[in-house]
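An overview of the molecular structure
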Amino acid sequence: MLQTYSKDHQLDELFQSICEELQISKSQYDQAETSYNAVANWLSEDEERFPNIDIDIYPQGSLKIGTTVHPILNQEFDLDFVCELNLDWKKYDNPVEVLDLIEERLLEHDVYAPMVKRKNRCIRLNYKRNFHMDILPACRVKEDSNGCVKVPDRKLADWKDSNPKGYANWFEETAKDYDVSFNNQILMEKSAEIEKMPGVEPIQIKPPLKRAVQLMKRHRDVYFEEHPEKAPISIVLTTLAGEFYANQSSVNDAIEGILDGILNATQSGKITVYNPQNKLEVLSERWNEKPELYDSFLIFIRDFREKWTEISDAKEKGFIEVASLLKEMFGEEPISKGMSKQAKVNEAYRQAGKLGITAAGVMSFTPGVAAEEITTVKRNTFYGE
């Protein structure tokens, strides 16, 4: 059965190829996993500081929810994990004591000692392999059954509220709530032969929301490359994306809806971003401390939306124009590689007689078998005129 393959489908397929290029590499993932396991084991084996105390060590952030983006030149990606202690946080008048316990343990290790850096709420290990690891101590809030924790704040010498596990579960549930339309079915089937990365969620099965977040974070990195201190932090972008996501099956539609949702919300005044699973945690607190960062965020979102409109208009002219705009937003490398990879996939399907063009001028794809009612596409025309 012939299935039409519109320009919207082609655009979403291109986004999928780009996101695959934005995934962290297999070697990066292996390095991060090895480092995580080693540090987790070292901390959990400390019977002197934490005798008879349950320690729950788990990843959080982008690696946990599958939205990590390969860093651009001279930038590092961060590996975040929580060291959750079954301690009564109320017994610590000065929560920095808990931070100190983690730091002391790491300083006892010959390899980790020179890598340790004290941060406000975590202990950082700076690896010489283009990533760093942030270890966040946390104490369980025993009267709460939803995973809320207290984390130490060095500057305030006080406890702050959080819920990393609850947040990850919220995002995963939000991301998987979408209609698996023809658009996604066709993308997954056409990509079935693309090599999957062990240990990393394959882009072919990554929900549209996660791909949208990857693209938003990448554009953020490119946009603020010269002034990274002004960039909105990842958890703020990710949370806003989750809150304004409306179950779209298209990445293009998802980003458009998210940006519109954010801009509409700002019309009522300054927005505040909370952890959806712990409203006591203000994720956008930096905007209160430095109002100019909120102004930079607004300019970024408005400019992002204008560029996204240009992409929608350009797709009617051809993907050469679209690619030019995407390179400005996401950088030369992921666009060129993504288009090259997708062209190879399409060429394989063209030669198999499964990819063609209808009389109406839109692409068609027949899963599994060749279709007699399509005209085979000539070589190297999929992204051209």
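Since we're looking at a predicted model, the values are computed, not measured.

On to the pairing of strand 6 (residues 131-140), then. Among the 10 residues in strand 6, 9 count as buried, and that is most of the element. Two elements, strand 3 (residues 77-85) and strand 6, share 9 bridges in a ladder whose sense is parallel. Bridging across to strand 6, Cys83 finds its partner in Pro137. Relative to strand 6, strand 5 (residues 123-126) runs antiparallel, the two being bridged by 4 bridges. Within strand 6, the residue paired with Asn126 across the bridge is His132. Strand direction decides the pairing type here: strand 6 and strand 7 (residues 149-153), joined by 2 bridges, are antiparallel. Paired with Cys139 across the bridge in strand 7 is Lys150.

Grouped together as the largest cluster of nonpolar side chains are 57 residues, with contacts concentrated most on Leu215, Phe297, Trp308 and Leu326. Elements supplying a minimum of two residues to this core: helix 1 (7-22), helix 5 (164-176), helix 7 (208-223), helix 8 (234-244), helix 9 (251-266), helix 11 (291-314), helix 12 (319-330) and helix 13 (332-351). At 10 residues, the largest contribution of residues to this core is made by helix 11. Setting aside residues up to four positions removed in sequence, Trp308 forms contacts with Phe15, Asn252, Ile255, Glu256, Leu259, Met329 and Phe330. Of all hydrophobic cores here, the second largest spans 33 residues; its members include Leu43, Trp89, Tyr127 and Ile135.

Before going further, it helps to spend a moment on empty space enclosed by the protein. Empty space among the atoms becomes visible once a probe the size of a water molecule is rolled across them. Evaluated as defined, the whole model comprises 1 cavity of 30 Å³ or more. A volume near 60 Å³ is recorded for the largest cavity. What lines the largest cavity is simply Lys230, Ala231, Pro232, Ile233, Val236, Leu283, Ser284, Arg286, Trp287 and Leu293. Grouping the constituent residues of the lining of the largest cavity by class yields 7 nonpolar, 1 polar and 2 charged.

On to the environment of Asn94, then. Among the structural elements, Asn94 can be located in the loop between strand 3 and helix 4 (96-107). Residue Asn94 is classed as partly exposed on the basis of its relative accessible area, which comes to 33%.

The next point concerns the packing of aromatic side chains. A full pass over the atoms with the stated rule returns 14 aromatic pairs. Pairing Tyr36 with Phe81 gives two aromatic rings, centres 5.2 Å apart and planes at 85°, and the pair type is edge-to-face. With Tyr36 in helix 2 (residues 26-44) and Phe81 in strand 3, the pair connects residues that are 45 residues apart, well separated along the chain. Across the pair, exposure class does not vary: Tyr36 and Phe81 are buried alike.

This model, assessed by the stated rule, comprises 21 salt bridges. Note that Asp161 is salt-bridged to Lys150, the shortest N-O span being 2.7 Å. Here the residue Asp161 occupies a position in strand 8 (residues 158-162), and Lys150 occupies one in strand 7, the gap between them amounting to 11 residues. Like Asp161, the residue Lys150 is buried in the burial classification. Here Lys160 ties to Glu285 by a salt bridge, and the two come within 3.9 Å at their closest N and O atoms. Residue Lys160 is found in strand 8, and its partner Glu285 is found in helix 10 (residues 285-289); the two are separated by 125 residues along the sequence. Look at the salt bridges and you will find they share partners, linking Asp46, Arg49, Glu104, Arg105 and Glu108 into a network.

Our next topic: the confidence of the model for the protein. The predicted model of the protein has a mean per-residue pLDDT of 82, with 81% of residues at 70 or higher. Low pLDDT, under 50, characterises residues 356-385; the stretch is placed with 84 contacts to residues that sit more than four places away or in other chains.

Criteria and cut-off values
- Residues numbered from 1 in each chain as written.
- Predicted model: local features only at pLDDT ≥ 70, side-chain atom pairs only at ≥ 80, totals over all residues.
- Heavy atoms only, no water.
- Buried < 20%, exposed > 50% of the residue type's maximum accessible area, 1.4 Å probe, protein only.
- Helix = DSSP H or I, 4+ residues; strand = E, 2+ residues; numbered from the N terminus.
- Pairing = 2+ DSSP bridges.
- Core = buried A, V, L, I, M, F, W, Y, C linked by side-chain atoms within 4.5 Å.
- Contact = heavy atoms within 4.5 Å.
- 1 Å grid on protein atoms, 1.4 Å probe; cavity = no way out; pocket = protein on both sides within 12 Å on 5 of 7 lines; lining within 4 Å.
- Points joined across faces, edges and corners; volume = space filled by probe spheres on them.
- Nonpolar A, V, L, I, M, F, W, Y, C, P; charged D, E, K, R; others polar.
- Phe/Tyr/Trp six-rings, centres within 6.5 Å; stacked < 30°, edge-to-face > 60°.
- Salt bridge = Lys/Arg side-chain N within 4 Å of Asp/Glu carboxyl O.
- pLDDT = per-residue confidence, 0-100.

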